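Here are the chains, one letter per residue:
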Amino acid sequence: MSASHSRRQHDWRGVVAPLLFVALWQVAASAGWVNTKLIVSPLAVLQAGWQEITANGFAHALAASLARDLAGFVLGSLAGIAFGVLLGLSRWADRLLGPTFHTLRQISLFAWIPLISIWLGYTDQARVLFIAVAAFYPVVLSTHEGIRSVNKAQFEVAQVYGFSRWQRLVRLVLPAASPQILTGLNLALIYAWLATIGAEFLLPSFDATGVGATVIRGRAAFRVDVIIVGMLVIGLTGYALNRLAQRLEDRLLIWRGPAH
Amino acid sequence: MAHAATLDIRNLGKLYPVSGEPKPVLENISLSIKPGEFVSIVGASGCGKSTLLRLIIGLEQDYQGEIVLDGQRIIGTSLNRGIVFQEHRLFPWLTVEQNVGLGLLNSDQSPAQRKKAIQEHIDLVGLKGFETAYPYQLSGGMGQRVAIARALVNRPEVLLLDEPFGALDALTRNYLQQELQRIWEQEGITMILVTHDVEEAVYLGDRIVVMQPRPGRIKRIVDVPLARPRDRGSYEFAAIKEDVLQEFGDGKLAADLSVRRPDPVSAGEWHFAW
């Protein structure tokens, strides 16, 4: 109990380093130690951020990125859990599909881009598919591992109480594997957000908005302030998503007790 | 009150493959257990006493001879046979009441009946107030109580206990033995206890089946004609305990304590698949 309590309290020490850095950065820019075309001041970044939000529909761009991220994450995770369960429960499926899976996952995610763009064009479907592929792998691996580690003695309990196959899956296998599955989902959430920005860079189209697209626009216009605004928002969003996921995981795994 | 079962074991034998060759772990076991009787089975490690329980519960198959419960040959597991293992084997992600509820998962009772039965059995094992606790919050003894409630909640005809208190400290063990006796009297069902603790066997059993190893067979059956609750310090109690211990006197017990019996779960490279 006390462990989860103290985790909930914020430790503000983590903010000290960035604040010092920003202060130094501001001083360097104001004092003219650096070329302010390449290294704009924090104040200019703030102004650019404000302008992006008020005039350029930045909230809309962020929402578009998040929607893609979540769509890809959900698709990839569900497919990943299903495939991981199949590999984990059926030795036959593991023998048949395992080697193919382990070979395919050696292919860099970025190598999928040309194929995806040829199939689906520079569309949102293509971006979501790319994100889903990114989320898929960690979920498959962790689900597989979680299911293999289910205690055999507990299967005997299921047998004694006459569990059906479905009951074994939803009342024993999935809950028993849930710690590993949730670890995989956490990882998938990180990968999906990285892939979201990657997809906006590598599968761009003039009508697609997004935080990644905003950064590209900043590059095209030689607006370092806009680039930095985009980067900051990407980082903070990823951080917020993972904090949220961590909270949810702690809540779901409360049965493991404070030792974990 | 649950209907108590008659269990008839006739010429039971069981072979296990040991390094490729089938070796007998049980040979020529015959035992008839009356409804509501409490039978203790004692024996050294490797005498097949746990295998015998696993055959009766239906977790092991492929035996010779017959195991007949109320005239019906045992095939596989069934809700009218309950078991408590040496480890509680609770599902850690479920609360106490949810774990007990597993015993009713496939019963045909209404939700209201289930709720009532679950509460009754939590009360029966003395865990009122712990309904929403998770297993990590329970002591070893409390975990075994939950396991007993889970095994009894569907009112089985026979309850099998596989060294249920073996991993507990002496004080908790004594206390749970009293509790088990109270539950047995209250529920009136047939119970079969496998143990390596002779005192536990004498304290609880109407009869004590003494087994000997390689191959596992019945050496002797000792009656315990003492009134309950039994006084562990009495002369009669000590005499019966001594009598049973004499059966191990030929040195086989000490020699066999170091021999690990084949682990039935890993023995057959068992895997969950469909």
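Everything numeric in this text was worked out from a predicted model, so none of it was measured.

Calculation criteria
- Residues numbered from 1 in each chain as written.
- Chains lettered and ligands numbered in written order.
- Predicted model: local features only at pLDDT ≥ 70, side-chain atom pairs only at ≥ 80, totals over all residues.
- Helix = DSSP H or I, 4+ residues; strand = E, 2+ residues; numbered from the N terminus.
- Contact = placed C-beta atoms within 7 Å.
- Axes fitted to C-alpha atoms, helices over the stretch in contact; angles between N-to-C directions.
- Parallel < 35°, antiparallel > 145°, perpendicular 65-115°, else oblique.
- Left-handed = near helix turned anticlockwise from the far one by under 90°.
- Nonpolar A, V, L, I, M, F, W, Y, C, P; charged D, E, K, R; others polar.
- Core = buried A, V, L, I, M, F, W, Y, C linked by C-beta atoms within 7 Å.
- Buried ≥ 20, exposed ≤ 12 C-beta atoms within 10 Å, placed from the backbone.
- Domains from an automatic or database assignment.
- Pairing = 2+ DSSP bridges.
- pLDDT = per-residue confidence, 0-100.

On a plain count of helices and strands, chain A comes out with 11 helices and 0 strands. Listed N to C, the secondary structure of chain A is α-α-α-α-α-α-α-α-α-α-α in terms of helices and strands. Projected onto its principal axes, the C-alpha positions of chain A cover 75 × 55 × 30 Å. In chain A, once contacts between residues fewer than 6 apart in sequence are set aside, the share between residues at least 24 apart is 74%.

Here we take up the interface of chain A and chain B. By a widespread convention, an interface's size corresponds to the accessible area lost as its parts come together. Taken together, the contacts link 20 residues of chain A with 23 residues of chain B. Looking at the side of chain A that touches chain B, the elements that each hand over two or more residues are α5 (91–104), α8 (152–160) and α9 (165–202) of chain A.

All names here are of chain A. As a packed pair, helix α7 (residues 124–148) and α9 sit with axes 7 Å apart at the nearest point and diverge in direction by 155 degrees. In terms of orientation, α7 and α9 fall into the roughly antiparallel class. Both α7 and α9 take part in a crossing whose hand is right-handed. Broken down by class, the residue content of the contact of α7 with α9 amounts to 19 nonpolar, 7 polar and 3 charged.

This part covers unusual backbone geometry. Residues and elements named next belong to chain B. In this structure, the amide linkage connecting arginine 214 to the following residue, proline 215, adopts the cis form with an omega of -10 degrees. The residue proline 215 is located in the loop between β9 (207–212) and β10 (217–223) in this model. For the bond running from arginine 228 to proline 229, omega is -5 degrees, close enough to zero to count as cis. As for its position among the elements, proline 229 is in the loop between β10 and α7 (235–246). Backbone geometry at asparagine 11 places phi at a positive 45 degrees, although glycine is not the residue there. By the secondary structure assignment, asparagine 11 is in strand β1 (residues 7–18). Positioned with a positive phi, arginine 89 is a non-glycine residue whose angle comes to about 55 degrees. Structurally, the position occupied by arginine 89 is in the loop between β6 (81–84) and α2 (96–101).

With that settled, the discussion passes to the nonpolar core. One finds Phe130, Ile131, Ala135 and Ala192 of chain A together with Ile41, Leu160 and Ile192 of chain B to be the most contacted residues of the largest nonpolar core, which totals 114 residues. Counting residues per element, this core draws most heavily on α7 of chain A, which supplies 15 residues. Mapping this core onto the domain boundaries places at least three of its residues in each of domain 1 (7–80 + 156–262) and domain 2 (87–137 + 144–149) of chain B. Discounting chain neighbours no more than four positions away, the residues touching phenylalanine 130 of chain A are Trp112, Ile113, Ile116, Ala195, Ala199 and Leu203 of chain A. With 16 residues, the next largest nonpolar core counts Ala48, Ala61, Val211 and Val229 of chain A among its residues.

Residues and elements named next belong to chain A. Between α9 and helix α10 (residues 211–220), the least distance of the axes is 8 Å, while the angle of their chain directions is 45 degrees. Classified by the angle their axes make, α9 and α10 are oblique. Taken as a pair, α9 and α10 cross one another with a handedness that is right-handed. When α9 is examined against α10, the residues Thr196, Ile197, Glu200 and Phe201 are found in contact with a partner set consisting of Val211, Gly212, Ala213 and Ile216. Taken together, the residues of the contact of α9 with α10 sort by class into 5 nonpolar, 2 polar and 1 charged.

As a further point, take the domain arrangement of chain B. All names here are of chain B. One can read the domain layout of chain B as domain 1 (7–80 + 156–262) and domain 2 (87–137 + 144–149). Taken together, the contact pairs 8 residues of domain 1 with 7 residues of domain 2. Here the residues of the side of domain 1 that touches domain 2 sort into 7 nonpolar, no polar and 1 charged.

In terms of strand pairing, β1 of chain B meets strand β2 (residues 21–33) of chain B through 9 bridges, oriented antiparallel. From the neighbouring strand, leucine 15 of chain B faces β2 of chain B, where its bridge partner is proline 24 of chain B.

In this section: the confidence of the model for chain A. Averaged over all residues, the pLDDT of chain A is 89; the fraction at 70 or higher stands at 96%. Counting contacts from residues 1–6 of chain A, a segment whose pLDDT is below 50, to residues more than four positions away or on other chains yields 3 contacts.

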